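Structural description and commentary
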Amino acid sequence: MGPPHVQEVPAVTTTPQAVRRASPRTRRPATPVGPEPTAGLLPQVEPVRLLNPDGTPLPARADLPEPPIEALREMYRRMVVGRRFDAQATALTKQGRLAVYPSSRGQEACQVGAVLALRDDDWVFPTYRESMALIARGIDPVEALTLLRGDWHCGYDPTVVHTAPQCTPLATQCVHAAGLAYGESYQGRDTVALAFVGDGATSEGDFHEGLNFAAVFKAPVVFFVQNNKYAISVPLSRQTAAPSLAYKGVGYGVPSEQVDGNDPMAVLAVLTRAVAHARAGHGPYLVEAHTYRMEAHTNADDASRYRDPEEVEAWRDRDPVARLEAYLRHRGELDDAAVATIAAQAEAYAGDLRTRMNGQPVVDPLSLFDHVYAEPTPQLVEQREQVRAELAADRASEGDA
């Protein structure tokens, strides 16, 4: 008698998916889909532009209203005066009246647009290249050039003009701006701070610390990067692999935008929006302006060693002053007579600067010890007395001679 018949049961292949379907206890709730983490933080892919290089307007944008025509006329006037000032300061350097001068020719839209986007009681934190922005803010040009002449670390009273001393160390002004902006907000004031930043400074730790602090504490500060393509002689390609410097904001939760820095209308519109964002309590904003310095880094630099002349000429065709002038003429807001009047004002401004800078400054060596500490330390007092004694001895020896 053979073995009893046993019905064969086909083998069942169990997959992890099958187990999860069969066992409700192992089911995991679907992960909720939240908002895109970078929503509202990333800049537009292409820099914002409202005017073509020839001054003709591009189609209007609902998200970026055109600045008032009165503001654009004033912007043009200050840009023309600023350019003439810049040329005069460069000449003063060649004449030995300034120790050094970093020209901002070609960056007039950035220099003036940043100032016009602010209120008088807002704060500006400039770099060494912002002399044009200082005079656009109404600071006496002789006081603005005092640092570069070597008389004082700052020729103006920062608390009166709400403008920090020009900053030579790279990016340290970013931390200062973030701290002041937070302090103002903490005290219930709606003051905004704007920190000028060069492209090279975005490689410094202080830049990143300033952004991070401002983002965490929602400090009302605008970080305004003037990307003029070179950190002295180092091209942008050797500084970052990011699509643009504006993308550096996303890592800190800072919204950002990039703009054609030679388009005066776009610069003013974008910065006005950034300042409004900060003033409304939404925290910091990062703006990168794509521009170009037409002159060397300073009078001590030979730009021909690292820049192609054809590159310089290409940027000359994007002149921000000519672009805004063409637009205002197109609108009927500027004619030959008005252009000549503004040019005459700029020439008179330069002439007054030249006359006053040709006078020898009266320098007191003992002033080196002023404003170091509110209460001088014993060591500082001792050093001051040593210098005083040396000066007295020199005068005595000159009298004997």
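Below is a summary of the structure that appears in this document.

How each quantity is defined
- Residues numbered from 1 in each chain as written.
- Predicted model: local features only at pLDDT ≥ 70, side-chain atom pairs only at ≥ 80, totals over all residues.
- Heavy atoms only, no water.
- Core = buried A, V, L, I, M, F, W, Y, C linked by side-chain atoms within 4.5 Å.
- Buried < 20%, exposed > 50% of the residue type's maximum accessible area, 1.4 Å probe, protein only.
- Helix = DSSP H or I, 4+ residues; strand = E, 2+ residues; numbered from the N terminus.
- Contact = heavy atoms within 4.5 Å.
- Pairing = 2+ DSSP bridges.
- Patch = residues over 30% accessible without salt bridge, like charges linked within 9 Å, V, L, I, M, F, W, Y side chains within 5 Å.
- Areas by Shrake-Rupley, 256 points an atom, 1.4 Å probe, with all protein chains shown as cover.
- Salt bridge = Lys/Arg side-chain N within 4 Å of Asp/Glu carboxyl O.
- Axes fitted to C-alpha atoms, helices over the stretch in contact; angles between N-to-C directions.
- Expected span 1.5 Å × (residues − 1).
- Phe/Tyr/Trp six-rings, centres within 6.5 Å; stacked < 30°, edge-to-face > 60°.
- Left-handed = near helix turned anticlockwise from the far one by under 90°.
- Nonpolar A, V, L, I, M, F, W, Y, C, P; charged D, E, K, R; others polar.
- 1 Å grid on protein atoms, 1.4 Å probe; cavity = no way out; pocket = protein on both sides within 12 Å on 5 of 7 lines; lining within 4 Å.
- Points joined across faces, edges and corners; volume = space filled by probe spheres on them.

1. Focus: the nonpolar core
Counting residues in each nonpolar core, the largest one holds 48 residues, and the members touching the most others are Tyr-76 and Phe-224. No other element matches the 10 residues that helix H10 (residues 264-282) contributes to this core. Not counting residues within four places of it along the chain, the set of residues in contact with Phe-224 comprises Cys-110, Ala-114, Leu-194, Ala-195, Phe-196, Val-197, Val-267, Leu-271, Val-287 and Ala-289.

2. Here's the deal with the pairing of strand S7 (residues 285-290)
Most of S7 is tucked away, with 6 of its 6 residues classed as buried. Judged by which residues are buried, S7 turns out to be covered on both faces: Tyr-285, Val-287 and Ala-289 on one side and Leu-286, Glu-288 and His-290 on the other are all buried. Sheet analysis places strand S3 (residues 221-227) next to S7, joined by 6 bridges and oriented parallel. The partner of Val-225 across the bridge, within S7, is Glu-288. Bridging between strand S6 (residues 256-260) and S7 involves 5 bridges; their strand directions are parallel. Counted as the bridge partner of Asp-260 is His-290 from S7.

3. What to know about a nonpolar patch on the surface
A cluster of nonpolar side chains, Phe-213, Val-216 and Phe-217, forms an exposed patch at the surface whose accessible area comes to about 270 Å². Tracing the chain through its elements places Phe-217 in the loop between helix H9 (205-216) and S3.

4. Some words on the sheet that holds S7
Pairing between the strands of a sheet is mediated by backbone hydrogen bonds and can be parallel or antiparallel. One open sheet accounts for 5 strands, arranged S1-S2-S3-S7-S6; its pairing is parallel. Two strands close off the open sheet at either side, each with one partner strand: strand S1 (123-125) and S6. Each adjacent strand pair in this sheet contributes to an overall mean axis angle of 20°, direction not counted. In this structure, strand S2 (residues 193-198) lies alongside S3, joined through 6 bridges in parallel fashion. When the sheet's bridge partners are listed, Leu-194 is paired in S3 with Val-222. Taken strand by strand, H10 contacts S3, S6 and S7, and its axis lies near 155° from that of S3.

5. Looking at helix H13 (residues 336-357)
The end-to-end C-alpha separation of H13 is 31 Å, in line with the 32 Å expected for 22 residues at 1.5 Å each. Inspection of H13 places Val-339, Ile-342, Ala-346, Ala-350, Gly-351, Leu-353 and Met-357 among the buried residues, and these make up the whole buried set. Looking at the buried positions of H13, the neighbouring elements they touch are helix H2 (69-94), helix H5 (141-144), helix H6 (146-149) and helix H12 (320-330).

6. A short note on the side chain of Thr-93
Among the secondary structure elements, Thr-93 is positioned in helix H2. Given the relative accessible area of 9%, Thr-93 is considered buried. What Thr-93 contacts, discounting residues up to four positions off in sequence, is Leu-98, Val-100, Tyr-101 and Asn-299.

7. Focus: the environment of Leu-72
Note on placement: Leu-72 falls in helix H2. A residue is classified by how much of its surface remains accessible, and Leu-72, at 0% relative accessible area, is buried. On a C-alpha basis, the gap between Leu-72 and Gly-113 in space is 9.3 Å, while along the polypeptide they are 41 residues apart. Beyond its immediate sequence surroundings of up to four residues, Leu-72 is in contact with Glu-66, Pro-67, Met-265, Leu-268, Leu-324, Tyr-327 and Leu-328.

8. Some details on the environment of His-330
Here His-330 shows up in helix H12. Taking the C-alpha atoms as reference points, His-330 and Leu-98, separated by 232 residues in sequence, lie 40 Å from one another.

9. Notes on the environment of Ala-89
Of note, Ala-89 is situated in helix H2. Remark: the alpha-carbon pair of Ala-89 and Ala-231, spanning 142 residues in sequence, is separated by 21 Å.

10. Topic: the packing of aromatic side chains
Within the structure shown, the criterion is met by 9 aromatic pairs. Between the aromatic rings of Phe-213 and Phe-217, the centroid separation amounts to 4.7 Å while the plane-to-plane angle is 40°, which identifies the pairing as tilted. A residue is classified by how much of its surface remains accessible, and Phe-217, at 41% relative accessible area, is partly exposed. Aromatic side chains Tyr-292 and Trp-315 sit 5.2 Å apart centroid to centroid with 10° between the ring planes, which places their arrangement in the stacked category. On the criterion of sequence distance, the pair formed by Tyr-292 in the loop between S7 and helix H11 (309-316) and Trp-315 in helix H11 is long-range, its members being 23 residues apart. By relative accessible area, which is 11% here, Trp-315 ends up buried. An aromatic cluster of three or more residues is present, and its members are Tyr-182, Tyr-186, Phe-213 and Phe-217.

11. Details of the packing of helix H3 (residues 108-116) against H10
Packing of H3 against H10 leaves a shortest axis separation of 9 Å and a crossing angle of 35°. Our pair here, H3 against H10, has a crossing hand that is right-handed. Listed contacts from H10 to Ala-109, Cys-110, Gly-113, Ala-114 and Leu-116 of H3 are Pro-264, Val-267, Leu-268 and Leu-271. Broken down by class, the residue content of the contact of H3 with H10 amounts to 8 nonpolar, 1 polar and no charged.

12. Quick notes on the layout of surface pockets
The space that makes up the largest pocket amounts to roughly 340 Å³. Lining the largest pocket are 13 residues, with Asp-151, Trp-152, His-153, Ser-367 and Leu-368 positioned closest to its centre. Estimated volume of the second largest pocket: approximately 270 Å³. Along its surface, the second largest pocket is lined by 22 residues, and Tyr-128, Arg-129, Leu-170, Gly-198 and Asp-199 are the ones closest to its centre.

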